Amino acid sequence: MSGLPLSGVRVVDLTRILSGPFCSMILGDLGADVVKVESPGGGDPVRGQGNIVDGLSWYFAGFNRNKRSVAVDLRRPEGLAVLERLLAEADILTENYRPGVLDEMGLTAERLAAVNPRLIVVSVNGYGATGPYADRPAFDFIAQAMSGYMATNGTPATGPLRTGPPLTDLIAGLYAALGAVAALRGREAGLPAQRVEASMMMSILSMMAYLSSGALATGRDPIPTGNDHPIVAPYGLFRAADGHIAVAPSTDVFVARFLNEIGLGHLLADPRFADNTSRVQNRVELNRLVDAALEGATQAHWIERLNRAGVPCGKVQSLTEALADPQVAAQDMVLEVPHPGHGTVRMTGFPVKFSQTPLSVRLPVPDLGAQTDAVLAEAGYDADRIAALRQAGVIG
């Protein structure tokens, strides 16, 4: 079987930095032809960020595979005309400007509909296009803070903590890609082309799970519990003889298995630990008892024994350990991709697996403007017109 789920779909991508490029990369990984439109003067700023190896940012490479790059100066009328020519044949426009910037460029909803009434416009932004914060600049750190997410991390002693990865960027990009695919399916079913929006703050807020449901039900903020679970005990990091292990017995069945395996099954007859409510109330003492039971054997001993008993358990690995983990290798989650002129780049792979049409890196990350001539030729520009636009500084 040939082809990929989004083969034949054309995406014109105006995004930069992270949230938008993650969205368009997902669409590209799924088979779409993604044309990344960048400014000739340097392109996406992430091209110059992170670890630069053989002249290539591996950070940029990890979020811009399976795309083609076109360098066009959109500040000039001739550049906008090129963009509109590309949009006329596109299925999706992705952008992560501040709300209103497309209108300022002259690409209003009405204008875009006139250029291509079938065009789906996908926007990623900080707070949403409506509301009192719509015009504010946003980055992941601010969205983590504003969403209540940061306040739930850490402990009362540490105060609010961010997470290491830029989760609000990534979740918003993921939601935007999901919305794009849904809008495509809706268009196929006869619905009109739609505008799709995902914002960083609202995306992370939607992921707050039992924390937000508890706050909505009680009107009270959750107390940050660090590595302990807010509503389940025992659950968290515990000390073996040679380091911590993560254990997650989330129901009474798993708790019984866990405590029996470590020789503490008798605690279930103790009123302090007989049910989950009691165990949460007496968490400090319970954790002390569990640590004492585990510290007599190694991480490897307990991980093998507890998993064999059906208790979710694992080692706290460093990132380099995780990237070298045999399970990660079995899932092809670290790829080695040859990049012409830049050597071999290692990047994370595809977390979604397709049985009949497996995903692959069809196109390594493009150099700035590498496919400008080819894409413009596909749009109907002849060689003389392309040369004139380059001579005038409209394209790179």
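Only a predicted model underlies this, so the values are computations on that prediction, with no experimental measurement involved.

> Would you mind showing me how to read the side chain of Asn 287 here?
Structurally, Asn 287 can be placed in helix H12 (residues 283-294). Dropping the residues within four chain positions of it, Asn 287 is found in contact with Asp 228, Pro 234 and Phe 238.

> Could you clarify how one ought to interpret the sheet that holds strand S1 (residues 10-13) in this entry?
Across a sheet, strands are paired by hydrogen bonds formed along the backbone, either parallel or antiparallel in direction. Taking strand neighbours across the sheet as the criterion, the 6 strands line up as S5-S2-S1-S6-S7-S8 in an open arrangement whose pairing is parallel. At either margin of the open sheet sits one strand with a lone partner, and together these are strand S5 (67-71) and strand S8 (195-199). Averaged over all adjacent pairs, the angle separating strand axes in this sheet is 20°, with direction ignored. The sheet contact formed by strand S7 (residues 120-125) and S8 spans 5 bridges and is parallel. Within S8, the position partnered with Val 124 by the bridge is Ala 198. Strands in contact with helix H7 (residues 167-188) are strand S6 (92-95), S7 and S8; relative to S8, the strand with the most contacts, it is inclined by about 165°.

> Mind showing me how you'd approach the packing of aromatic side chains here?
Aromatic ring pairs are reported here in terms of the distance separating the ring centres and the angle at which the planes meet. A full pass over the atoms with the stated rule returns 4 aromatic pairs. Both rings, one in Tyr 127 and one in Tyr 133, keep their centres 5.8 Å apart while their planes meet at 70°; by these two values the pair is edge-to-face. Each ring, one from Phe 238 and one from Phe 258, has its centre 6.2 Å from the other, and the planes form 40°; the classification is tilted. Here the residue Phe 238 occupies a position in strand S9 (residues 236-240), and Phe 258 occupies one in helix H10 (residues 252-261), the gap between them amounting to 20 residues. Cluster of aromatic residues (ring-pair linked, three or more members): Phe 22, Tyr 59 and Phe 63. Its end group placed over the ring of Tyr 381, Arg 85 keeps NZ or CZ at 4.2 Å from the ring centre.

> Sorry if this is basic, but what is going on with the pattern of salt bridges here?
Opposite charge on two side chains allows them to pair when their charged atoms are near. For the coordinates displayed, the defined rule picks out 22 salt bridges. Among the ionic pairs, Arg 390 bridges to Asp 373, the shortest N-O distance being 2.6 Å. Note that Arg 390 is positioned in helix H17 (residues 383-391) and Asp 373 in helix H16 (residues 372-378), a separation of 17 residues in sequence. The partly exposed category is assigned to Arg 390, whose relative accessible area is 33%. In the salt-bridge network here, residues are joined through shared partners; they are Arg 10, Asp 33, Arg 68 and Glu 378.

What counts, and at which threshold
- Residues numbered from 1 in each chain as written.
- Predicted model: local features only at pLDDT ≥ 70, side-chain atom pairs only at ≥ 80, totals over all residues.
- Heavy atoms only, no water.
- Helix = DSSP H or I, 4+ residues; strand = E, 2+ residues; numbered from the N terminus.
- Contact = heavy atoms within 4.5 Å.
- Pairing = 2+ DSSP bridges.
- Axes fitted to C-alpha atoms, helices over the stretch in contact; angles between N-to-C directions.
- Phe/Tyr/Trp six-rings, centres within 6.5 Å; stacked < 30°, edge-to-face > 60°.
- Lys NZ or Arg CZ within 6 Å of the ring centre and 35° of its normal.
- Salt bridge = Lys/Arg side-chain N within 4 Å of Asp/Glu carboxyl O.
- Buried < 20%, exposed > 50% of the residue type's maximum accessible area, 1.4 Å probe, protein only.

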